[in-house]
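If you want the building blocks of each chain, they are given just below.
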There are 2 protein chains.
Amino acid sequence: MTSRIGFVGLGIMGRGMVKNLVEKNHPVTVWNRTPEKAESLKKDLNITIAPSIKSLAETSDVVLLCVSDTPDVEDVLFGETGLANGLRSGTTVVDLSTISPAASRAFGKTLAEKNIAFLDAPVSGGSEGAAKGTLSIMVGGPEEAFDRVKPILEAMGTRITHMGPSGSGQTTKLMNQILVVVNMLAVSEALLLGRAADVDLLKAVRAVEAGAGGSWMLSQRAPQAIDGYWQPGFTIDLQQKDLRLVLESARELGLPLLATSLVHQLYNKLQKDGKGGLGNHALVQALEDLSGLKVHKA
Amino acid sequence: MTSRIGFVGLGIMGRGMVKNLVEKNHPVTVWNRTPEKAESLKKDLNITIAPSIKSLAETSDVVLLCVSDTPDVEDVLFGETGLANGLRSGTTVVDLSTISPAASRAFGKTLAEKNIAFLDAPVSGGSEGAAKGTLSIMVGGPEEAFDRVKPILEAMGTRITHMGPSGSGQTTKLMNQILVVVNMLAVSEALLLGRAADVDLLKAVRAVEAGAGGSWMLSQRAPQAIDGYWQPGFTIDLQQKDLRLVLESARELGLPLLATSLVHQLYNKLQKDGKGGLGNHALVQALEDLSGLKVHKA
């Protein structure tokens with residue numbers, strides 16, 4: 001039997017996900033805080049708009065959420081007009097947002113008392129991955145719930161991994177974010193040295209990228225920084241939200257995340273300078289400001 | 001006409017390089033500070049042993065060096081019994097060691113006055129790459145000299161790049177070393193978070209390695225750290241020598257290499273603990289010591 005899917009959160013990620021669900025013939029009912037976004041999406045896609053979150057909850061077998069941050073998920077789940085008021089026993093909730101692993105575990109526990117399965121399922125691959133249905137999805141929570149919703153996740157992503165118990169999807173996503181930003185700090189320092197010594201930077205990137213210094217950030221983002229192209233794959237503002245989650249976890253767990261913390265501080269400076277909307281590879285601009293050099297030759 | 005090749009420095013890297021040169025039918029004469037290493041290599045390979053560096057210089061069209069550090073190269077070139085006493089006008093010297101870019105430029109300038117071309121040509125790929133002939137070689141110096149020796153370099157490596165003027169090969173190598181160690185710090189912090197949250201670390205590595213968090217260090221070294229396998233691809237002691245060169249360049253050029261400097265400090269601690277002979281991925285052990293956690297589950 002086809003599951004009736006409810007989808008909450010039609011930001012740039014959510015819209016791409018819904019498009020892929022509909023194109024792969026899943027029946028989708030949506031709700032969004034800003035109703036205009038739902039109306040606009042309905043012009044292009046065969047979807048139903050729910051009059052309220054409660055109504056969406058009552059008519060769905062699986063509810064997917066994709067919102068911004070921990071308090072947003074909490075509000076959608078447990079707010080005065082939240083999902084928990086309408087969800088029936090046996091429903092599965094899949095949270096595609098990136099939020100606190102500890103909060104995810106707590107939400108899962110609360111919902112389990114009503115026999116509602118909760119999966120933390122943060123994604124990576126950005127808005128492009130959401131639009132193309134090529135996201136990586138890292139899932140924590142009960143395995144039987146994962147098995148039930150896997151065909152739905154496969155409509156949105158190409159690399160779907162059940163990581164383990166509740167919260168482990170979020171932790172894996174935070175591990176990914178550490179790698180992304182610290183690898184970009186590595187790229188930034190290498191580019192700065194090369195520029196100061198007047199090396200052909202793109203040639204240097206191509207000379208080393210296949211070896212032990214190689215990374216996705218080096219191959220994809222270093223050439224953009226060299227070109228002075230700062231359009232976001234993922235903005236500094238969103239990256240900072242995720243780093244805040246990483247550093248909260250580090251505090252809870254007593255971990256010295258030295259380089260991650262350093263990147264967070266450098267991004268603070270860029271945000272103050274009004275650069276929060278630039279791509280996260282604009283990290284190099286913080287080191288440019290400290291050194292008086294420009295990686296991009298204007 | 002086949003160039004007569006002289007080779008100075010039969011450490012683990014040099015021995016692999018000479019083997020590949022001989023197997024590809026280049027005539028090689030060697031000299032080594034410790035004569036036993038040359039005698040031992042002669043048992044396996046068709047090579048000539050020069051009685052002195054001066055004699056090697058006099059009978060070579062191209063001299064390759066592979067020694068440890070800037071003072072070693074200076075000594076081989078300009079010491080009392082060094083190459084400069086025997087090299088003829090028109091000879092090319094290729095320095096495969098990783099040394100200071102500024103010193104490389106100075107050596108090149110001094111030799112150019114005697115019409116001797118000097119190329120800085122540091123390699124990456126480690127002892128395995130040297131043995132297999134799959135090194136990356138990043139070359140700085142006069143282009144016509146590069147063109148002359150390129151067939152010789154191709155016997156030892158698969159990715160040979162002429163980077164630009166004298167010193168630019170060394171700078172590119174130092175950029176590579178920044179990327180290697182800071183990417184490993186990224187891996188170390190990600191693994192630490194995952195372990196503290198009790199995530200299946202290898203599963204997490206495989207879930208994220210194809211995306212924006214991916215790197216050579218993540219795919220190749222994180223699994224070794226998880227297994228508690230610390231055999232060196234490249235030792236901490238050698239890595240520290242290269243980081244010293246990076247940080248000297250940073251000082252000369254006025255650069256704030258924040259994360260690279262951080263890694264250097266963490267390695268200082270591991271060297272003090274007697275771990276300088278471990279692989280550079282043992283960086284994670286410095287964070288283990290700070291957190292009281294072990295990434296490897298014994």
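Residues numbered from 1 in each chain as written. Chains lettered and ligands numbered in written order. Predicted model: local features only at pLDDT ≥ 70, side-chain atom pairs only at ≥ 80, totals over all residues. Heavy atoms only, no water.

Quick word on the domain arrangement of chain A
Reports of interface size often rely on the accessible area that becomes lost once the parts have come together.
Residue and element names in this part refer to chain A.
Then step 1. With domains assigned, chain A is organised as domain 1 (5-165) and domain 2 (172-291).
Then step 2. Its C-alpha centre places domain 1 at a distance of 30 Å from the equivalent point of domain 2.
Then step 3. Taken together, the contact between domain 1 and domain 2 spans 13 residues of the former and 10 residues of the latter.
Then step 4. Together, the buried faces of domain 1 and domain 2 total about 900 Å²; carbon and sulfur atoms form 59% of this surface.
Then step 5. Across the domain 1-domain 2 interface, the total number found is one salt bridge.
Then step 6. Of the charged contacts in the structure, one is a salt bridge between R244 and D69, with a shortest N-O distance of 2.4 Å.
Then step 7. For the pair domain 1 and domain 2, the number of links is five residue pairs in polar contact (both at pLDDT 80 or more).
Then step 8. For the side of domain 1 that touches domain 2, the elements supplying multiple residues, two or more each, are α5 (101-112) and β7 (123-124).
Then step 9. Looking at the side of domain 1 that touches domain 2, its residues break down into seven nonpolar, five polar and one charged. (Domains from an automatic or database assignment. Contact = heavy atoms within 4.5 Å. Buried area = accessible area lost by both parts, 1.4 Å probe. Salt bridge = Lys/Arg side-chain N within 4 Å of Asp/Glu carboxyl O. Polar contact = N/O pair within 3.5 Å; in protein donor to acceptor, adjacent residues only side chain to side chain. Helix = DSSP H or I, 4+ residues; strand = E, 2+ residues; numbered from the N terminus. Nonpolar A, V, L, I, M, F, W, Y, C, P; charged D, E, K, R; others polar.)

Some remarks on the confidence of the model for chain A
Then step 1. In the predicted model, chain A carries a mean pLDDT of 96, and 100% of its residues have values of at least 70.
Then step 2. Both scores are available for the predicted complex, with the pTM at 0.96 and the ipTM at 0.96. (pLDDT = per-residue confidence, 0-100.)

Brief notes about the pattern of salt bridges
Residue and element names in this part refer to chain B.
Then step 1. All told, the structure shown has 28 salt bridges over all chains when counted by the stated rule.
Then step 2. A salt bridge links R206 to E209; the nearest nitrogen and oxygen atoms lie 2.9 Å apart.
Then step 3. Judged by relative accessible area, R206 falls into the partly exposed class, the value being 36%.
Then step 4. Among the ionic pairs, R244 bridges to E248, the shortest N-O distance being 3.1 Å. With R244 and E248 both in helix α11 (residues 236-253), this residue pair falls four residues apart, about one helical turn.
Then step 5. In this structure E248 comes out as partly exposed when scored by relative accessible area, which is 25%. (Buried < 20%, exposed > 50% of the residue type's maximum accessible area, 1.4 Å probe, protein only.)

Description of the packing of helix α9 (residues 201-208) of chain A against helix α10 (residues 216-227) of chain A
Two measures define how a pair of helices packs: the angle their axes make with one another and the distance between the axes.
Residue and element names in this part refer to chain A.
Then step 1. Interaxial distance between α9 and α10 falls to 10 Å at its minimum, and their mutual angle equals 175°. With respect to each other, α9 and α10 are oriented roughly antiparallel. Together, L201, L202, V205, R206 and V208 of α9 and L218, S219, A222, P223 and I226 of α10 make up the contact between the two elements.
Then step 2. Of the residues assigned to the contact of α9 with α10, the class counts are eight nonpolar, one polar and one charged. (Axes fitted to C-alpha atoms, helices over the stretch in contact; angles between N-to-C directions. Parallel < 35°, antiparallel > 145°, perpendicular 65-115°, else oblique.)

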